[in-house]
Amino acid sequence: MKYLSRRKVREFTYNIFDKNRKLLLEACEKLESPENAIRLMAPENEAEGVAAHMDVMCHFHNFLAAAKTLVDHTRCFITDHYKSTSIEQAYTQKIAADLANDEVVKFVQDLRNYMLHKALPHSSRTINIKNTGRIDSNSINASVHINKDKIIQWEKWTKPSQVYLSNAPSEIKISDIAKSYGEKISDFHNWLDLRINKHHSNDLSQLESLENQMRLVTATTSTE
């Protein structure tokens, strides 16, 4: 029961991150969907377009902050409950192999530090319409992005982030960042949950047995 209780607390932290990721993607979709893109670029809808852009940056800030919160809380969770166990060893090895030097992961974590401790990254929204003879969803490409040239001179980018930036386009789509990072973090936490559940498999089996016994006692008592 202690394990299930602390697992629920850990799930809250992950769900806060995941909720912020989904809200960010929804805000980006409002500016990037073909049906909205042209309307929000029109002069008469400037105020609504600016507000939608501000929503993206608000959710982007929260997404980056939640990403680092999840990192720190997970590290403390492992240290507090699984120090010097096979779980801590597997966790440390998994981080080193899959996340510690991953370019997207490090870029998001560094960008969090940039946004929280230096400034908001310069962002803008664009719309490109292909000359196909008609305007439809297939000819419209809209995005909200951060400008690489405005942030690349920051001296605190780690080596993986520097590699990420060197390979990134001049306009980095915010939705691409959220999707790519979210997939990697989701995969990692699914792996960690399975690993910890396996570690507690005997505890969970005993708990299930006790609960079954309790139900039998309750059922017997209610029929007497």
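Since this is a predicted model, take the numbers as computed values, not measurements.

**Student:** Go over empty space enclosed by the protein with me, naming the residues and quoting the values.
**Tutor:** Where empty space is left in the structure can be found by rolling a water-sized probe over the atoms. Evaluated as defined, the whole model comprises two cavities of 30 Å³ or more. In this structure, the largest cavity spans a volume of roughly 50 Å³. Taken together, Leu 31, Ala 37, Leu 40, Met 41, Arg 125, Thr 126, Ala 142 and Ser 143 make up the full set of residues lining the largest cavity. When residues of the lining of the largest cavity are traced back to their parent elements, those giving at least two are helix H2 (34-41), strand E1 (123-129) and strand E2 (140-147). Within the lining of the largest cavity, the residues separate by chemical class into five nonpolar, two polar and one charged. As a volume, the second largest cavity reaches approximately 30 Å³. Considering the residues around the second largest cavity, the lining is formed by Tyr 3, Arg 7, Arg 10, Phe 77, Asp 193 and Ile 196. Ranked by residue count, the leading element in the lining of the second largest cavity is helix H1 (residues 2-32), at three residues.

**Student:** Residues and numbers for the nonpolar core, please.
**Tutor:** Counting residues in hydrophobic clusters, the biggest one holds 48 residues, and the most contacted among them are Phe 60 and Phe 107. Those elements giving two or more residues to this core turn out to be H1, helix H3 (46-82), helix H4 (86-99), helix H5 (103-117), E2, helix H7 (159-167) and helix H8 (174-199). Discounting chain neighbours no more than four positions away, the residues touching Phe 107 are Ile 146, Ile 151, Trp 157, Ser 161, Tyr 164, Leu 165, Ile 172 and Ile 177.

**Student:** Report on the packing of aromatic side chains, specifying residues and quantitative values.
**Tutor:** Going through the model one piece at a time under the given rule, you end up with 13 aromatic pairs. Their ring planes at 55 degrees and their centres at 6.1 Å tell us that Tyr 14 and Phe 17 sit as a pair that is tilted. With Tyr 14 and Phe 17 both in helix H1, this residue pair falls three residues apart, about one helical turn. You can call Tyr 14 buried: its relative accessible area is 18%. A ring pair is formed by Tyr 114 and Trp 157, whose centres lie 6.0 Å apart and whose planes are at 10 degrees; its orientation type is stacked. In this pair, Tyr 114 sits in helix H5 while Trp 157 sits in the loop between helix H6 (148-151) and H7, placing the two residues 43 residues apart along the sequence. Per residue, the accessibility class of Tyr 114 equals that of Trp 157, and both read buried. Put simply, the rings of Tyr 14, Phe 17, Phe 60, Phe 63 and Tyr 181 pair up and form one aromatic cluster. The ring of Phe 77 carries the charged tip of Arg 10 above its face, separated from the ring centre by 5.7 Å.

Rules of the game
- Along each chain, the written sequence defines residue order, and numbers are assigned to residues from 1.
- A pLDDT threshold of at least 70 governs which residues receive local features in this predicted model, and a stricter bar of 80 or more applies before side-chain atom pairs are shown or counted, although totals over entire chains, interfaces and linings include all residues.
- Hydrogens are left out, water is left out, and the side-chain values use all remaining heavy atoms of the structure.
- Cavity: a set of points on a 1 Å grid over the protein atoms alone where a 1.4 Å probe fits but cannot get out. Pocket: an open set with protein on both sides within 12 Å along at least five of seven lines, its lining residues, like those of a cavity, having an atom within 4 Å of a point.
- Grid points are joined across faces, edges and corners, and a volume is the space filled by probe spheres set on the points.
- Strands here mean DSSP runs of E at least two residues long; helices mean DSSP runs of H or I at least four residues long; both are numbered from the N terminus.
- Residue type decides the class: Asp, Glu, Lys and Arg count as charged, Ala, Val, Leu, Ile, Met, Phe, Trp, Tyr, Cys and Pro as nonpolar, and the leftover types, Gly among them, as polar.
- Among buried residues, the Ala, Val, Leu, Ile, Met, Phe, Trp, Tyr and Cys ones that are joined through side-chain atoms within 4.5 Å form a nonpolar core.
- Accessible area is worked out with a 1.4 Å probe on protein chains only. A residue is then buried under 20% of its type maximum, exposed over 50%, and partly exposed in between.
- We call two residues in contact when some of their heavy atoms are within 4.5 Å.
- A pair of Phe, Tyr and Trp rings is counted when the ring centres sit within 6.5 Å of each other, with Trp represented by its six-membered ring. The angle between the planes then sorts it: under 30 degrees is stacked, over 60 is edge-to-face, the rest tilted.
- Should the NZ of a Lys or the CZ of an Arg lie within 6 Å of a ring centre and within 35 degrees of the ring normal, that charge is described as sitting over the ring.

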